[in-house]
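# Inside the fold
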Amino acid sequence: MYSTTRLLKNLILKVALNVPIDNLFDYKIPSNNSIQPKQGQRIRVPFGKQEKIGFIHGIGSQTKVPASKLKPALKIIDDEPLVNNELLDLISWVANYYHYPIGEVYATAVPLYLRQEKTPKIDAMPTESFQCESHKKLTEEQEQGFKKLLSFFNQRQIVLLDGVTGSGKTELYLQSVDRNLKKNQQVLLLVPEIGLTPQIFERFQKRFGNTVSVVHSGNTYKQRAEIWLKAKQGDVCVVIGTRSAVFTPFKNLGMIIVDEEHDPSFKQQSGLCYSGRNVAIIRAKQSKIPILLGSATPSFESLMNAKKGKYKKITLKQRVFATPLPQTNIIDLRVHSQEQGLTKFLLKAIKKHIENDNQVLLYLNRRGFSPATVCSGCGYIEECPRCDTSMVLHKRNNRLVCHHCNHNKPWEKICTECGSPSSPLGEGTEQIELALKKEFPRASIVRMDRDTVNSKKQRTRLLDQAKSGTGQILLGTQMLTKGHDFPNLSMVAIVNADQGMFGSDFRSSERFAQTFVQVSGRAGRRKTVGEVFLQTYNPKNPLLNKIISQGYNAFFSEAVLDRKVPQWPPYSHLALLHAQSTQKNSVFDFLNTVRKKGDAINLGNTMLLGPVPSPIEKKAGKFRGQLLLLNTNRKELHRVLDKLCWTIKNTKKTSKVKWSLDVDPIDLS
């Protein structure tokens, strides 16, 4: 028997386990084993007093573990590898690049159902029948763009599809996918958020039928495992999913598409802080296949890569509809007074559009009634006792709520400091909705934010109202604005432009510009020419006027120069070391120790900045601080990170703090 051979007995299995320890664990072959060990198989092993399911990541003949302590594994679960070689290589890259324990990377990449030693029964699906709905005729600009696309694909290039809202990027996706399916190749399409998935899934399913599957957090654990295995077996042709879908194994992957590539939702913000977009690019390179990044507002990093020639860029400047891009009207809040966040000028415009049987969309990225309450006597703003932030007033249930830790209490309308009357300060979507109902009592208002949408069913119902036109006034946060097509929408209003335009983060202006273009692009996508209204106290802001008069790419060319001297991305690469503890001294003792040890190693051109308190220093009862590492050379930055992580793991200061490393952070808070 194979397992009794002398050669096999001497093999050492290098096992990845879901534990926060940055190494593989060595085990001997199970004593009663009849399965040939291979990389990517699940394996059950003893771990302390427990048993754990892990993955065979490597097989060797040597170990540093003393023979007396080297234990045999309990069972090799799979006859053949569950994780194929392509995914194994990707997992290795992710663990190395993000400096994260490889066992925990497996835990992100492999569905929980499969990590519990379960294997769903998979029935093969017919994949030969596709293109249920015929392709749409391309415009001349789309046709030229598609020819370039195919040429770049043949060269296995990274392609940036920069197309204005309504320019028909999705149709180019669909026709690109069709090309791959006819070659019996599979396609992965990544979308930033679950809220966008139903719309794009519907279009793909109409075109390609039952060969399309969707992966997102709304799937049950078993459903996710089934789709994962079907893609691996080749029984699914197209997988659409949010960022974690980048780890789906495929039998014959031919292309990857990343829609709305600029969207921050592609970046995981806790645990393994990976970028779904960046991992997708690496996967395409490793698999030697083309990747298409699509957006109306590409990230500065992608535009810079296109400028340098690393990416091939295709631009679509025209909408597929006859209507031109909407006209923008700036409402100067220094001249026009507002009541509950709305000026008379804006209300008059809303009235005109709904009387013409069109829809209006109002965007405000603040939920709740008011972002703060202020005392009329002493000026005290009610703060969360667990976070360094104000409590948000939710008037519907008359409570003050912290949006960071969810601490809440009744609103007594009395200042807790001096007992004087307390009143709302600023506006949120709940307050705007009440103001609109008062002004337009007969209008149907659809509000979409995290307070009104807490289930997939609710989201679908509200979006159906918005798309069908039964909702005359649409009001919401970013949830309502991303990628949706509202045929009857003729007017968009940005209630508070200054909220997004001015921020402490170096990306604030980029994010505002992206939001402005994305929100504006919802208006006038069919017969009626759209209008955009923007309320601001800073109507002469040069960057604001640049994007309105000359567009997003002109804005990029000017705004990116502001980052050149301080060497912010895309002129450099960043890593952010976070630390938190219930004791403030512990945070800065740890960070100062790391700083001193960091200065002692050869940093090269890496700048070590800090330590400083995080922008929100106290959150959920924990004090927070950070160190920022910056280098124009990515490889050199990672050499420093390797040394720094080794130093941190060998310092005693870690016992009182929880630390984490965020490589390529998009949020410095």
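Because the structure is predicted, anything quoted here is derived from the model rather than measured.

A tally of regular secondary structure across the protein chain gives 20 helices and 29 strands. The C-alpha radius of gyration computed for the protein chain amounts to 27 Å, which stays within 12% of the reference 26 Å derived for 669 residues, consistent with globular compactness. Across its three principal directions, the C-alpha atoms of the protein chain cover 85 × 65 × 45 Å. Residue pairs in contact within the protein chain that sit at least 24 positions apart in sequence constitute 75% of those at least 6 positions apart. As presented, the protein chain carries roughly 30,400 Å² of accessible surface, and 48% of it is formed by carbon and sulfur atoms. In the protein chain, 97 positive and 59 negative side-chain charges are present, and the distance between their average locations comes to 4 Å.

Each disulfide consists of a covalent bond between the sulfur atoms of two cysteine residues. Summed over all chains, the structure comprises zero disulfides. There is no disulfide at Cys 273, and the cysteine sulfur nearest it, in Cys 645, is 12 Å away. With no disulfide partner, Cys 375 has as its closest neighbouring cysteine sulfur the one in Cys 418, 3.5 Å distant. Its relative accessible area of 4% is what places Cys 375 among the buried residues.

The geometry of an aromatic ring pair is captured by two quantities: the separation of the ring centres and the angle between the planes. Across all of its chains, the model carries 13 aromatic pairs by this definition. Note on Tyr 97 and Tyr 98: the rings are 5.0 Å apart at their centroids and 80° apart in plane angle, and the pair reads as edge-to-face. With respect to burial, Tyr 97 and Tyr 98 carry one shared label: buried. Centre to centre, the rings of Phe 300 and Phe 556 are 5.0 Å apart; their planes meet at 80°, and the pair counts as edge-to-face. On the criterion of sequence distance, the pair formed by Phe 300 in helix α10 (residues 300-307) and Phe 556 in helix α18 (residues 552-559) is long-range, its members being 256 residues apart.

Mapped onto the fold, Met 501 is located in helix α15 (residues 497-501). By relative accessible area, Met 501 is classed as buried at 9%. Separated by 140 residues in sequence, Met 501 and Leu 361 have C-alpha atoms that sit 20 Å apart.

Of note, Leu 90 is situated in helix α2 (residues 85-97). Exposure remark for Leu 90: the relative accessible area of 0% places this residue in the buried category. In sequence terms Leu 90 and Arg 399 are 309 residues apart; their C-alpha atoms lie 47 Å from each other. If we ignore the near neighbours within four places in the chain, the residues touching Leu 90 are Val 246, Phe 247, Val 279, Ile 282, Arg 283 and Gln 286.

Further remarks concern the pairing of strand β22 (residues 445-448). Side chains of β22 alternate between two faces, with Ile 445 and Arg 447 and Val 446 and Met 448 buried alike. As defined by bridge partners, β22 adjoins strand β23 (residues 473-476) across four bridges and the pair is classed as parallel. Along β23, the bridge assignment pairs Ile 445 with Ile 473. In this view, the connection linking β22 to its parallel neighbour β23 by way of helix α13 (residues 456-468) has right-handed handedness.

This part is about the sheet that holds strand β19 (residues 399-401). Taken in spatial order, the three strands line up as β18-β19-β20 in an open sheet, and their pairing is antiparallel. Here the strands that pair on one side only, and so sit at the sheet edges, are β18 (392-394) and β20 (408-410). Between one strand axis and the next, the sheet turns by 30° as a mean value, whatever way the strands run. As paired elements, β19 and β20 share three bridges and run antiparallel to each other. From the neighbouring strand, Val 401 faces β20, where its bridge partner is Asn 408.

The subject of this paragraph is the pattern of salt bridges. Applying the stated criterion across every chain yields a total of 28 salt bridges. Between Lys 206 and Glu 202 there is a salt bridge whose closest N-O contact spans 3.7 Å. Linking Lys 206 with Glu 202, this pair stays in helix α7 (residues 197-208), spanning four residues, or about one helical turn. By relative accessible area, which is 45% here, Lys 206 ends up partly exposed. The partly exposed category is assigned to Glu 202, whose relative accessible area is 45%.

A few words now on the confidence of the model for the protein chain. With 96% of its residues at a pLDDT of at least 70, the protein chain reaches an overall mean of 90. The least confident element of the protein chain is helix α1 (residues 6-9), whose mean pLDDT is 55; the most confident is helix α9 (residues 276-287), at 98.

This next bit is on the packing of α2 against helix α3 (residues 102-109). In contact at an axis separation of 9 Å, α2 and α3 are set at 125° when each is read in the N-to-C sense. Classified by the angle their axes make, α2 and α3 are oblique. As for the relative orientation of α2 and α3, their crossing is right-handed in sense. Listed contacts from α3 to Leu 88, Ile 91, Ser 92, Val 94 and Ala 95 of α2 are Ile 102, Val 105, Tyr 106 and Ala 109.

Let's shift gears to the sheet that holds strand β27 (residues 607-619). Sheet strands pair via backbone hydrogen bonds, and the direction of the pair is either parallel or antiparallel. The antiparallel open sheet is built from four strands, whose spatial order is β27-β28-β26-β29. Since the sheet does not close on itself, it has two edges, and those belong to β27 and β29 (658-663), each with one partner. Pairs of neighbouring strands in the sheet enclose a mean axial angle of 20°, with direction left out of account. Bridge count between strand β26 (residues 573-581) and strand β28 (residues 622-631): nine bridges; the pairing is antiparallel. Counted as the bridge partner of Leu 577 is Leu 627 from β28.

What follows covers α2. Residues spaced three or four apart along an α-helix face the same direction, because each turn holds 3.6 residues. Taking 1.5 Å per residue as the helical rise, α2 with its 13 residues ought to reach 18 Å, and the 18 Å between its terminal C-alpha atoms agrees with that figure. Buried within α2 we find Glu 86, Leu 87, Leu 88, Leu 90, Ile 91, Val 94, Ala 95 and Tyr 97.

What follows is about the packing of helix α5 (residues 140-154) against helix α6 (residues 169-181). Packed helices, taken two at a time, are described by their axes: the angle between them and the distance between them. At their nearest, the axes of α5 and α6 sit 11 Å apart, and the two run at 45° to each other. The angle between α5 and α6 falls in the class oblique. The handedness of the crossing between α5 and α6 is right-handed. Listed contacts from α6 to Gln 142, Phe 146, Leu 149, Leu 150, Phe 153 and Asn 154 of α5 are Glu 171, Leu 172, Gln 175, Ser 176 and Arg 179. Considered class by class, the residues forming the contact of α5 with α6 number five nonpolar, four polar and two charged.

What follows deals with the side chain of Thr 536. Note on placement: Thr 536 falls in strand β25 (residues 531-536). Those residues within four positions of Thr 536 in sequence are excluded, and the remaining contacts are Ile 330, Ile 331, Asp 332, Leu 333, Ala 497, Asp 498, Met 501 and Leu 544.

Okay, the pairing of strand β10 (residues 253-259) next. Most of β10 sits out of view: seven of its seven residues are buried. Here strand β7 (residues 186-190) runs beside β10; their pairing, made up of five bridges, is parallel. By the bridge assignment for β10, Leu 188 is matched with Ile 256. The sheet contact formed by β10 and strand β11 (residues 291-295) spans four bridges and is parallel. From the neighbouring strand, Ile 257 faces β11, where its bridge partner is Leu 292.

Reading the values: the criteria
Residues numbered from 1 in each chain as written. Predicted model: local features only at pLDDT ≥ 70, side-chain atom pairs only at ≥ 80, totals over all residues. Heavy atoms only, no water. Helix = DSSP H or I, 4+ residues; strand = E, 2+ residues; numbered from the N terminus. Rg over C-alpha atoms; globule rule 2.2 N^0.38 Å. Contact = heavy atoms within 4.5 Å. Areas by Shrake-Rupley, 256 points an atom, 1.4 Å probe, with all protein chains shown as cover. Lys, Arg positive; Asp, Glu negative; His and termini not counted. Charge placed at Lys NZ, Arg CZ, Asp CG, Glu CD. Disulfide = S-S within 2.5 Å. Buried < 20%, exposed > 50% of the residue type's maximum accessible area, 1.4 Å probe, protein only. Phe/Tyr/Trp six-rings, centres within 6.5 Å; stacked < 30°, edge-to-face > 60°. Pairing = 2+ DSSP bridges. Right-handed = clockwise from strand over helix to strand, strands pointing away. Axes fitted to C-alpha atoms, helices over the stretch in contact; angles between N-to-C directions. Salt bridge = Lys/Arg side-chain N within 4 Å of Asp/Glu carboxyl O. pLDDT = per-residue confidence, 0-100. Parallel < 35°, antiparallel > 145°, perpendicular 65-115°, else oblique. Left-handed = near helix turned anticlockwise from the far one by under 90°. Expected span 1.5 Å × (residues − 1). Nonpolar A, V, L, I, M, F, W, Y, C, P; charged D, E, K, R; others polar.

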